[in-house]
Amino acid sequence: MALPGRPFWVIVHRWAGLTLALFLAVAGLTGSLLPWFEELDAATAPAMQNAAPPRPGMAALDPLAVRAGLLARHPAARVDFVYLTRLPGRADRLYATWPDPRTGLERRDRPDWDDVFLNPWTGAEQGHRRNGDVRQGIKNLMPFLYRLHYSLALGPWGLFAMGVAALVWTADCFVGFYLTLPPGALGKGGLWRRWRPSWKVRRPTSSYKLTFDLHRAGGLWLWPILLVFALSSVSFNLPQVYRPVLGLLGGQDDEALLEASALPSPRWNPALDFPAAARHGAALAQQETARRGLSLRPDGRAWLWYIPATGLYVYGVKSSADITPEGGGTRIAFDGNSGALRHVSVPTGAQGATTFTTWIVALHMAHVGGLAWRIAVSVIGLGITVLSVTGVLIWLRKRSARAGRRFKAAARPAPA
């Protein structure tokens, strides 16, 4: 069977682009700011997020002691994730939930905050916010923009819609690339000579040609990273699609392995408390990384996460297999009661598909490449918005031209 011709793919690209325009414009604009999330978030509420010792030379509290103090003041709260190492000059940030132990649902009498920032030297609460609730003011601006970026701030339905958009975007990357090739170029010589104009913006030119060239040349120059962003977006928003494909390619689906360990009912209070689990996790991490020929790196941020639904602790640490500055991609899961090892996740070097996912996610989130790549991701985000806007402008111009031709044809007198 013959493949559809070029006109078919033009229509596919047109309607895919029109469908994606709003999603990608929002994602591009917000994504241009997210490489600077930590700095901008701290700038919106410096008194809440920055911290200094009350007096010179004062020793900071253990992060787990800060967590314990918060829970003593708010006994109905749960804090199931904690960083075990700190960022200099920053307050400890803890995320609290307020579940009803009988149902697992949020309590109706919960306070209007879930993010809390505490002084590392005194444990005092410096500020609170309901993460992403922009009604609370500028202190929630960056969390709101982050939610807007990945779910249009519409919750699970927005998350799913952005995932479907990412899937369509991934397919349309290949369609758009094909349409930049000169007609009939496949299988013929001199391809580059005929294709080279597609990579350029003509000057001087009309406004329509400028719009068209920006769309076509911009898409070509950014094409590899656009595909990376599209694929990584599918992994974030549509894991039910991405994970099976990853498994077929030999990748390790860590989230599915953890979900498969779900208990009949949540285990709210494991035998190992957080301090004991932190010590046990550190020992297991040392043991398991050495067994795999890896080394632990002290410059990363270790963290500990308890999952009541599975009764497992997950200990994250930076090893020589991590590619991001903060690390945390090397993870050790163990039983919260017995301490028995359940799973070890290594971000690179074990399976090719897992390494690939680690890299595309790190590139998407600007966690590699230092300052230069953070600037590049901001520029790319603006480029994605430009591609979306120019695509709509091209469609409007062509639609107007087609309507004009139909009007002239209808006004032309019929032949005698």
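Values in this document were obtained by computation on a predicted structure and should not be read as measured data. (Residues numbered from 1 in each chain as written. Predicted model: local features only at pLDDT ≥ 70, side-chain atom pairs only at ≥ 80, totals over all residues. Heavy atoms only, no water.)

Some thoughts on the overall build of the chain
- From N to C terminus, the chain includes 14 helices and 8 strands.
- C-alpha extents for the chain along the principal axes are approximately 95 × 45 × 45 Å.
- With 416 residues in all, the chain has 43% of them scored as buried.
- Looking at the chain alone, contacts between residues at least 24 apart form 62% of all its contacts between residues at least 6 apart.
- When the accessible surface of the chain is summed, it comes to about 22,300 Å², and 65% of that surface belongs to carbon and sulfur atoms.
- When the 46 positive and 26 negative side-chain charges of the chain are each reduced to one mean point, those points stand 17 Å apart. (Helix = DSSP H or I, 4+ residues; strand = E, 2+ residues; numbered from the N terminus. Buried < 20%, exposed > 50% of the residue type's maximum accessible area, 1.4 Å probe, protein only. Contact = heavy atoms within 4.5 Å. Areas by Shrake-Rupley, 256 points an atom, 1.4 Å probe, with all protein chains shown as cover. Lys, Arg positive; Asp, Glu negative; His and termini not counted. Charge placed at Lys NZ, Arg CZ, Asp CG, Glu CD.)

Topic: the sheet that holds strand S3 (residues 115-118)
- Taken in spatial order, the 3 strands line up as S2-S3-S4 in an open sheet, and their pairing is antiparallel. At either end of the open sheet lies a strand with only one pairing partner, and these are strand S2 (92-95) and strand S4 (125-129). Going across the sheet, the axis of each strand differs from the next one's by a mean of 20 degrees, ignoring polarity.
- In terms of strand pairing, S3 meets S4 through 4 bridges, oriented antiparallel. The residue of S4 that forms the bridge with leucine 118 is glutamate 125. (Pairing = 2+ DSSP bridges. Axes fitted to C-alpha atoms, helices over the stretch in contact; angles between N-to-C directions.)

A short note on the pattern of salt bridges
- For the structure on display, the rule yields 22 salt bridges.
- Residues arginine 86 and aspartate 92 are paired through a salt bridge, measuring 2.7 Å at the closest nitrogen-oxygen approach.
- Residue arginine 86 is classed as partly exposed on the basis of its relative accessible area of 27%.
- Residue class for aspartate 92 comes out buried when judged on its relative accessible area of 10%.
- Here arginine 202 makes a salt bridge to aspartate 213, at a shortest N to O gap of 2.8 Å. Residue arginine 202 is found in the loop between helix H7 (191-195) and helix H8 (207-221), and its partner aspartate 213 is found in helix H8; the two are separated by 11 residues along the sequence.
- Residues joined in a network through salt bridges with shared partners are Asp41, Arg93, Asp115 and Arg129. (Salt bridge = Lys/Arg side-chain N within 4 Å of Asp/Glu carboxyl O.)

Looking at the nonpolar core
- Counting 32 residues, the largest nonpolar core has Leu84, Leu304, Tyr313 and Tyr315 as the members making the most contacts within it.
- Of all the secondary-structure elements, those providing two or more residues to this core are helix H4 (63-73), S3, helix H12 (274-291), strand S5 (303-307), strand S6 (312-317) and strand S7 (330-335).
- Sort the elements by how many residues they give to this core and H12 lands first, with 6 residues.
- When neighbours within four sequence positions are excluded, leucine 84 is seen to be in contact with Pro63, Leu64, Ala278, Ala302, Trp303, Leu304 and Tyr315. (Core = buried A, V, L, I, M, F, W, Y, C linked by side-chain atoms within 4.5 Å.)

Observations concerning the layout of surface pockets
- What the second largest pocket holds in volume is close to 850 Å³.
- Ranked by residues supplied to the lining of the second largest pocket, first place goes to helix H1 (residues 6-31) with 10 residues. (1 Å grid on protein atoms, 1.4 Å probe; cavity = no way out; pocket = protein on both sides within 12 Å on 5 of 7 lines; lining within 4 Å. Points joined across faces, edges and corners; volume = space filled by probe spheres on them.)

Remarks on the environment of leucine 20
- Mapping leucine 20 onto the fold places it in helix H1.
- By relative accessible area, which is 3% here, leucine 20 ends up buried.
- Residues leucine 20 and alanine 166 lie 146 residues apart in sequence; the distance between their C-alpha atoms is 8.6 Å.

What to know about helix H13 (residues 352-364)
- Taking 1.5 Å of rise per residue, 13 residues should cover 18 Å, and H13 covers 18 Å from first to last C-alpha, within 8% of that figure.
- Directly after H13, the chain includes alanine 366, whose backbone phi takes a positive value near 55 degrees. (Expected span 1.5 Å × (residues − 1).)

Thoughts on the pairing of S7
- For S7, the tally of buried residues reaches 5 of 6 residues, placing the bulk of the element in the interior.
- Bridging between S6 and S7 involves 6 bridges; their strand directions are antiparallel. Each bridged residue has a counterpart across the sheet, and for valine 314 the counterpart in S7 is alanine 333.
- Sheet topology places S7 next to strand S8 (residues 341-345); 4 bridges connect them, and they run antiparallel. What sits directly across from alanine 333, in S8, is histidine 343.
- Counting the residues in the hairpin turn of S7 and S8 gives 5 residues, including glycine 339, whose phi is positive at 80 degrees.

Re the sheet that holds S7
- Spatially, 5 strands are ordered S1-S5-S6-S7-S8 in an open sheet, and the strand pairing comes out antiparallel. Among the strands making up the open sheet, the edge pair consists of strand S1 (81-83) and S8. The mean angle between the axes of side-by-side strands here comes to 15 degrees, regardless of whether they run parallel or antiparallel.
- Packed on one face of the sheet, H12 meets S1, S5, S6, S7 and S8 and runs near 125 degrees to S7.

Some details on the packing of H1 against helix H5 (residues 141-151)
- Look at H1 against H5: their axes get within 8 Å of each other, and the N-to-C directions meet at 145 degrees. In this structure, H1 crosses over H5, and the sense of that crossing is left-handed. Seen from H1, the contacting residues are Val26, Ala27, Thr30 and Gly31; seen from H5, they are Leu145, Leu148 and His149.
- Taken together, the residues of the contact of H1 with H5 sort by class into 4 nonpolar, 3 polar and no charged. (Left-handed = near helix turned anticlockwise from the far one by under 90°. Nonpolar A, V, L, I, M, F, W, Y, C, P; charged D, E, K, R; others polar.)

Structural notes on the packing of H8 against helix H9 (residues 223-237)
- With their axes 4 Å apart at the nearest point, H8 and H9 run at an angle of 75 degrees to one another. In this view, H8 runs roughly perpendicular relative to H9, as classed from their interaxial angle. Contacts between H8 and H9 involve Gly219, Leu220 and Trp221 on the former and, on the latter, Trp223, Pro224 and Leu226.
- Considered class by class, the residues forming the contact of H8 with H9 number 5 nonpolar, 1 polar and no charged. (Parallel < 35°, antiparallel > 145°, perpendicular 65-115°, else oblique.)

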